[in-house]
Amino acid sequence: MSLILPTSPPESGRVARWLASTDHKAIGILYVLTGMVFMLLGGLEALAMRAQLARPNATLITAQTYNEVFTLHGTTMIFFVVMPMLLGFSNYLVPLQIGARDMAFPRLNAFGLWLTVMGGLLLYASVLVGPADAGWFSYAPLSEKPYAMGEGTDFWIAALLFAGFGTTLTAINVIVTAIRYRAPGMGLWQMPMFAWMAFVNAFIITFALPCLSAALLMLEVDRRLGGHFFSHGGSALLWQHYFWLFGHPEVYIMILPAWGIISEVIPVFSRKPIFGYEFVAGSSVAIALLSFAVYAHHMFVVGLGRPVNLAFAASTMLIAIPTGVKVANWVATLWKGSIRFELPMLYALAFIVQFTFGGVTGVSFAVLPIDWQVTDSYYVVAHMHYVLMGGTIFALLSGLHYYFPKVTGRHLTRSLGMWSFWLVTLGFNGVFLVQHALGLMGMPRRVYTYPDLPGWGLLNVLSTLSAGLLGVGMTMILWNILRSLRVGEVAGANPWNAWTLEWWCASPPPPGNFTDLPPIRSRRPLWDLAHPEDTDADRPRRHDQTHGHIRPEEREHHQ
């Protein structure tokens, strides 16, 4: 097994040294492993729900158990799968991409990781006393004492407080690292696209997570100290304002680093610089600001009043513009490129198709009559999963296949990877595409069973069978990882012929990351080093209308 701790531990005490490490690479890997463990749990919960919903009027599990399972599933996937895995990529890659030896505050970095792990353990410790059952959003008053008498909701609150504090500490670390520890010659505007989006994302986390933490503390005061924030004279609506003031920026917390991964993969496998770096980077800032201005579109049905609804409908339409800018730039990067259909690229292409589809259905929610018609239906479930799974999870899989050689020194097995890619892609679309139709036919979400109405049973069984296909594909990815750690093809320092600094050091990177750095005069220092006669610093800034800025030597995959 070639996966080694970056601090080169001796054989004895390796596990303890991993757990005590403050090296950003070890912490990044631990974040990703944490996410994978919880993904296994969240995936099993999803399969249990799909098994229950496969047939009308099924009684495989009770309504109470179903509510507990879908609360665990939603909370797990958002707070303990997607966010930790993205933080893992940020931890591992940001210092490498900017030429730093480590994060600014290594011990604080480790503290943030273990707070997140503790949060996940608290969430699943609630199974011993009866888990929370009010959904991952835990709307008041359903999460208040008269409606949730057990201690599961208190465990849920504690779990999210731990994870929220840990995530915020990591975000502050990313901000300080990016500002203070960039390599000489690298301006903020020259950071690789993943590092830039992780940097912007850290600001969203820093401002959004405290909104959730404040609401959680108030909810616990209500439950344990007889407070009146959200019930007994307080306002249940206040909970929704706090929650969605966090909840909608949270969507971008879960997608912005994913966009960064895609923005790294597409140029490398198209053999071109990314089209319109400034627009992609600038649109990320616009999205960060607008993400706080659209939160109430989750509340169109609570009766906020027409002027408020119209304002949030307009802002929701507006945020589609910078999002569309990114998609347009990725497609323009592909245009006239010399595309290599390796596994990271296949996942990136699937990401573009699925995320764009999810984005279009998201814009439909900005149209008030459509939102009122389909709210709380399976149309919402389908949209959310096309964004967060068809988008974020596929981007993470693209990043996993792209960076696995850098992290471990070995390639994933391509044949196994191709099988798992098609199983995951077909399975994912089979599960969620039909749920758009179910939603439009009127099937409500968050129900443990449903009547035998025309078409509902057929579409649900298709969705459940596809979930099995998806599960097989994800299991094959896990097997590929474990197998390739031992027998995968050995990778060099730069197996993909990429151009950013993380590919300058050995695979896996040594302690301290770099012994020296190349001169940094552009966003692609390794290209400049290999082609001193044709550096990026000297290339025209305008897009080449004829050749799409692809050099002759990059055509047909030649470097």
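Structure shown above.
Overview of the structure.

What counts, and at which threshold
Residues numbered from 1 in each chain as written. Predicted model: local features only at pLDDT ≥ 70, side-chain atom pairs only at ≥ 80, totals over all residues. Heavy atoms only, no water. Helix = DSSP H or I, 4+ residues; strand = E, 2+ residues; numbered from the N terminus. Contact = heavy atoms within 4.5 Å. Expected span 1.5 Å × (residues − 1). Polar contact = N/O pair within 3.5 Å; in protein donor to acceptor, adjacent residues only side chain to side chain. Patch = residues over 30% accessible without salt bridge, like charges linked within 9 Å, V, L, I, M, F, W, Y side chains within 5 Å. Areas by Shrake-Rupley, 256 points an atom, 1.4 Å probe, with all protein chains shown as cover. Salt bridge = Lys/Arg side-chain N within 4 Å of Asp/Glu carboxyl O. Buried < 20%, exposed > 50% of the residue type's maximum accessible area, 1.4 Å probe, protein only. Axes fitted to C-alpha atoms, helices over the stretch in contact; angles between N-to-C directions. Parallel < 35°, antiparallel > 145°, perpendicular 65-115°, else oblique. Left-handed = near helix turned anticlockwise from the far one by under 90°. Nonpolar A, V, L, I, M, F, W, Y, C, P; charged D, E, K, R; others polar. Phe/Tyr/Trp six-rings, centres within 6.5 Å; stacked < 30°, edge-to-face > 60°. Lys NZ or Arg CZ within 6 Å of the ring centre and 35° of its normal.

Looking at where Asp-102 falls in the secondary structure, it is placed in the loop between helix 3 (63-98) and helix 4 (106-125). Contact partners of Asp-102, with chain neighbours within four places excluded, come to Thr-22, Asp-23, His-24, Pro-95, Thr-177 and Asn-513.

Before going further, it helps to spend a moment on helix 2 (residues 24-53). Across its 30 residues, helix 2 extends 43 Å between first and last C-alpha, which sits within 8% of the 44 Å expected from 1.5 Å per residue. Among the residues of helix 2, the N-terminal cap falls to Asp-23, whose side-chain oxygen and the backbone nitrogen of Lys-25 are separated by 2.7 Å.

Looking now at a nonpolar patch on the surface. There is a patch of nonpolar side chains on the surface, built from Val-15, Leu-19 and Trp-114 and spanning about 290 Å² of accessible area. Relative to the assigned elements, Trp-114 resides in helix 4. Owing to a relative accessible area of 33%, Trp-114 belongs among the partly exposed residues under this scheme.

Here the focus is the pattern of salt bridges. Summed over all chains, the structure comprises nine salt bridges. The salt bridge involving Lys-25 is made with Asp-23; its shortest N-O contact spans 3.3 Å. Across the salt bridge formed by Asp-154 and Arg-223, the nearest N and O atoms sit 2.9 Å from each other. Taken together, the residues Asp-154 in helix 5 (residues 152-180) and Arg-223 in helix 6 (residues 193-225) connect sequence positions 69 residues apart.

On to the packing of helix 13 (residues 378-408) against helix 15 (residues 456-487), then. Axes are the key here: two packed helices are described by the angle between their axes and the distance separating the axes. Helix 15 packs onto helix 13 with a crossing angle of 15 degrees between their chain directions and a minimal axis gap of 12 Å. Accordingly, the angle class assigned to the pair helix 13 and helix 15 is roughly parallel. Crossing handedness for the pair helix 13 and helix 15: left-handed. Judged by residue contacts, Met-389, Leu-397, Leu-400, Phe-404 and Thr-408 of helix 13 engage Leu-470, Met-474, Ile-477, Ile-481, Ser-484 and Leu-485 from helix 15. Residues of the contact of helix 13 with helix 15, tallied by class, amount to nine nonpolar, two polar and no charged.

Among the secondary structure elements, Pro-454 is positioned in the loop between helix 14 (414-440) and helix 15. Along the sequence, Pro-454 and Met-441 sit 13 residues apart, while their C-alpha atoms lie 9.5 Å from each other.

Moving on, we get to the packing of aromatic side chains. For the structure shown, the criterion picks out 39 aromatic pairs. Ring centres of Tyr-295 and Phe-312 lie 5.4 Å apart, and the angle between their planes is 75 degrees; this geometry places the pair in the edge-to-face category. Pair noted here: Tyr-295 is in the loop between helix 9 (277-290) and helix 10 (306-334) and Phe-312 is in helix 10, with a separation of 17 residues, a long-range link. One exposure class covers both Tyr-295 and Phe-312, and it is buried. One aromatic cluster is present, built from ring pairs that chain together Phe-79, Trp-136, Phe-137, Tyr-139, Phe-229, Phe-230, Trp-239, Phe-243, Trp-244 and Phe-246. Above the face of the Tyr-277 ring, Arg-523 is positioned so that its terminal group lies 3.7 Å from the ring centre. It is Arg-524 that lies over the ring of Trp-499; its NZ or CZ is 4.2 Å from the centre.

For the rest of this paragraph, the subject is the environment of Phe-355. Structurally, Phe-355 can be placed in helix 11 (residues 343-364). Sequence separation between Phe-355 and Phe-394 is 39 residues; the distance between their C-alpha atoms is 9.3 Å. Beyond its immediate stretch of four places on either side in the chain, Phe-355 contacts Ile-255, Trp-259, Thr-323, Val-327, Tyr-386, Val-387, Gly-390 and Gly-391.

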